Structures are given as C-alpha cells and as structure tokens.
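Spelled out from the first residue to the last, the chains are:
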Amino acid sequence: MTPSTFTRHDEIAWRRGHAASTSRLVAEETAVALSYNGSTHAVMMATPADLEDFGVGFTLTEGIVRRAEDIESVELIPGELGLEVRIWLSGDRAAALAARRRAMSGPVGCGLCGIESLEQARRPPPRITSRTTFEARDLLVAMQSLAPHQTLNSKTKSMHAAAFWQPSVGIGPVREDVGRHNALDKLAGAIVGSGLPAAEGAVLLTSRVSVEMVQKVAMIGAPMIIAVSAPTTLAIRTAEEAGITLLAIAREDGYGVFTHPHRIIWPGDALERAS
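First things first, this report covers the structure right here in the doc. Bear in mind the structure is a predicted one, so any value in this text is a computation, not a measurement.

Cut-offs applied
- Residues numbered from 1 in each chain as written.
- Predicted model: local features only at pLDDT ≥ 70, side-chain atom pairs only at ≥ 80, totals over all residues.
- Heavy atoms only, no water.
- Salt bridge = Lys/Arg side-chain N within 4 Å of Asp/Glu carboxyl O.
- Buried < 20%, exposed > 50% of the residue type's maximum accessible area, 1.4 Å probe, protein only.
- Helix = DSSP H or I, 4+ residues; strand = E, 2+ residues; numbered from the N terminus.
- Pairing = 2+ DSSP bridges.
- Axes fitted to C-alpha atoms, helices over the stretch in contact; angles between N-to-C directions.
- Parallel < 35°, antiparallel > 145°, perpendicular 65-115°, else oblique.
- Left-handed = near helix turned anticlockwise from the far one by under 90°.
- Contact = heavy atoms within 4.5 Å.
- Nonpolar A, V, L, I, M, F, W, Y, C, P; charged D, E, K, R; others polar.
- Arc of directions from axis to C-beta.
- Core = buried A, V, L, I, M, F, W, Y, C linked by side-chain atoms within 4.5 Å.

1. Re the pattern of salt bridges
Side chains that differ in charge, positive against negative, can pair when their charged atoms come close.
Okay, so step 1: Under the counting rule described, the total for this entry stands at nine salt bridges.
Okay, so step 2: Two residues, Arg 67 and Asp 70, come together in a salt bridge whose shortest N-O distance is 3.0 Å.
Okay, so step 3: Arg 67 sits in the partly exposed class, given a relative accessible area of 47%.
Okay, so step 4: Note that Glu 212 is salt-bridged to Arg 180, the shortest N-O span being 3.9 Å. Remark: Arg 180 occurs in helix H6 (residues 180–194) and Glu 212 occurs in helix H7 (residues 211–220); sequence separation between them is 32 residues.
Okay, so step 5: On the accessibility criterion, Glu 212 (12% relative accessible area) is buried.
Okay, so step 6: Judged by its relative accessible area of 12%, Arg 180 falls in the buried class.

Structure, rendered in structure tokens:
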C-alpha cells in the first residue's frame, strides 16, 4: 500500500507572543528506489505521490532512454523501508544501461544521478528550436495562478511544485514533491503520459534554477522556464546553449529574463522604457 503524502503532527505554536497547542499536516518523505530490469539504479528521498510519473520522467530526463516507447512497463512495489519503482526497458536500452553501470566507480545521489564522469555532469543539452511565442503579461499571470494548484503545499507548506503551462490552455498538469528535482521528473512523466505538446508551453518552478533543472527541461523539450527563485551562472549558460528562454525571480510585479528573450512579445512601450 502506498504511504500517505502527509500526516498530522502535534505542535506548540508561538505566534505574536502567545503559545498554543495545535497540530499541522507535515509532508511525508520516503525512500524510493528506481530499478531497471531488476537492478537498482538510484535511491531518492521523495514524496510518495505520482511515482509512476516520477519513474517515467526520471528515466527520460536523466537520458536513460531517449523515447518513452523504450519504457516497457512501470510498477510500484511497496516495502518495509520504502518503495521501489520497478522499470523495465526494451532490450537495447537495458543493455546500454547495464554497460553504463558496470563503468561506474562511485555512488549516485540526488540531482545528477548515475553519472560516472565530469563530462556526463556537463552533458550538452538538446537544442530547443520551438518557435512558440508568449505574451509578457500572460507569463506573469501564469506564475501567479500556480499557487491555488499546489494542493499538497497548501496543507504542508513544504513542497516544491513543477507545472506545465500553455498560453491557450492554462496550467496543467502540476506535480509536487519535497524535492525540486523529483517534482520536475514527475512533471516530465505527466507530460509524456498526457501526450501534451511540450514544445508549445512553459515549465513553471517554485524553486531556484540550477544546471540540472535546465538539463531536465531540455530533455522534456519545453522552450521556456519560469521560476520564483534565481538561477545559477551555469544554469544561465546551459539555458543559452539549449535555446531555452529562462525567466526567474518571478514576483507579483514582474520577472527577469536571462536568455533568449525573442520568444516574448512585449507590450508596445515596454522595451522603449527599458532603454
């Protein structure tokens, strides 16, 4: 049986100089092992929700397969110490992954998982050539409209979210997790599972933008990232290289555009005022 995504815990709340006994919902975090054709590849700490999406998305964004069709099946196996996401790959991809694992010289961890060299850590991202354009004001509204869709975070106040937004459709799907990488991997799986046109929308993130987040979005094929927090220098370089329009520090009054602004349609006098 899959664990709950949150549980209720007692607390003493100190607010405005007064203490009171109360309780709150707290996010669950459990060990999730990702295995391929019977061999464990990585163990992540994650929120036990949307784990099929997590398995598919992780497999794609980490470059284990290039096409969802190479994933034959995904099943969840509960255990005493956590959950296993058991993934079966087609013969060619399974053989390639087995060869890759034989070459590994150390353990894996969150973010850049299952890599064995500095070259793989800085693997060239796919180049995004989407010609989709976005109205500047619509992008602001998109980020502002995300919060009501963060159902787990509204209860626990401890979840990251990753969402897909299309100009003519709006937000959907949204995936949440205590880990920002996990939320994005879950979103990747949901986009594939729903057959959504990744090249026609933007990925919304409630976290900072690091290089591996940009790499994962490039693997998804989305032309734009919008994030509430700032990017790293390497994330900016990677977004530039990948052809991704990177918006960050998105607040109620605006955002910063760091790469490829050509996809944004500005109000008539916006650039005039900026210059």
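2. A short note on the pairing of strand E9 (residues 170–177)
Okay, so step 1: In terms of residue burial, E9 counts as a mostly covered element, since seven of its eight residues are buried.
Okay, so step 2: Bridge count between strand E8 (residues 160–166) and E9: six bridges; the pairing is antiparallel. Within the sheet, the bridge partner assigned to Trp 165 lies in E9 and is Ile 171.
Okay, so step 3: The hairpin formed by E8 and E9 contains three residues between the paired strands.

3. Some remarks on the packing of H7 against helix H8 (residues 233–242)
Okay, so step 1: At a closest axis distance of 8 Å, the pairing of H7 and H8 adopts a crossing angle of 20 degrees. Here H7 lies roughly parallel to H8, going by the angle between them. As for how H7 packs across H8, the hand of that crossing is right-handed. Facing H7, whose interface residues are Val 211, Val 214, Gln 215 and Ala 218, H8 presents Leu 234, Ala 235, Thr 238, Ala 239 and Ala 242.
Okay, so step 2: The residue inventory of the contact of H7 with H8, partitioned by class, reads seven nonpolar, two polar and no charged.

4. Digging into H8
Okay, so step 1: Listing the buried residues of H8 in full gives Ala 235, Thr 238, Ala 239 and Ala 242. What you see down the axis of H8 is that its buried residues fit within an arc of 100 degrees, all on one side. What points out from H8, more than 90 degrees from its buried face, is the exposed set Thr 233 and Arg 237.
Okay, so step 2: Residues of H8 that are buried make contact with H7, strand E12 (245–251) and strand E13 (254–259).
Okay, so step 3: Directly beyond the C-terminal end of H8, a positive phi value near 80 degrees is found at Gly 243.

5. Focus: the nonpolar core
Okay, so step 1: One finds Leu 184, Leu 205, Ile 225 and Ile 244 to be the most contacted residues of the largest nonpolar core, which totals 25 residues.
Okay, so step 2: Residue assignment for this core shows that the elements contributing at least two residues are E8, H6, strand E10 (202–205), H7, strand E11 (224–227) and H8.
Okay, so step 3: Contact partners of Ile 244, with chain neighbours within four places excluded, come to Ile 128, Val 214, Val 217, Ala 218, Ala 222, Pro 223, Met 224, Ile 225, Ala 239, Thr 259, His 260 and Arg 263.
Okay, so step 4: Ranked by size, the runner-up nonpolar core spans 20 residues in total, among them Leu 34, Val 56, Ile 64 and Leu 97.

6. Examining unusual backbone geometry
Okay, so step 1: The peptide bond linking Gly 172 to Pro 173 adopts the cis configuration, its omega dihedral lying at 0 degrees.
Okay, so step 2: For Pro 173, the location among the structural elements is in strand E9.
Okay, so step 3: Not every positive phi belongs to a glycine, and Asn 37 is a case in point at roughly 50 degrees.
Okay, so step 4: Along the polypeptide, Asn 37 turns up in the loop between strand E3 (30–36) and strand E4 (39–46).

7. A look at helix H4 (residues 136–144)
Quick reminder: α-helices carry 3.6 residues per turn. Residues three or four places apart thus point the same way.
Okay, so step 1: The complete set of buried residues in H4 reads Ala 136, Leu 139, Ala 142 and Met 143. Take H4 and look down its axis: the buried residues cluster within an arc of 115 degrees, on one side only.

8. Overview of the sheet that holds E8
Okay, so step 1: Here six strands make up an open sheet; going across it, the order is E9-E8-E10-E11-E12-E13 and the pairing mixed. A strand with exactly one partner marks an edge of an open sheet, and here the two such strands are E9 and E13. Ignoring which end each strand starts from, the neighbouring axes of this sheet average 20 degrees apart.
Okay, so step 2: Each of E8, E9 and E10 is contacted by H6, which is oriented at about 135 degrees to E9, the strand it contacts most.

9. A closer look at the sheet that holds strand E6 (residues 82–89)
Okay, so step 1: The strand order across the open sheet built from four strands is E4-E3-E6-E5, with neighbouring strands paired in mixed fashion. In the strand order of this sheet, the two ends are held by E4 and strand E5 (71–78), each with one partner. Geometrically, the sheet is characterised by an average inter-axis angle of 20 degrees between neighbouring strands, direction not taken into account.
Okay, so step 2: Of the strand pairs in this sheet, E3 and E6 are connected by six bridges, and their pairing is parallel.

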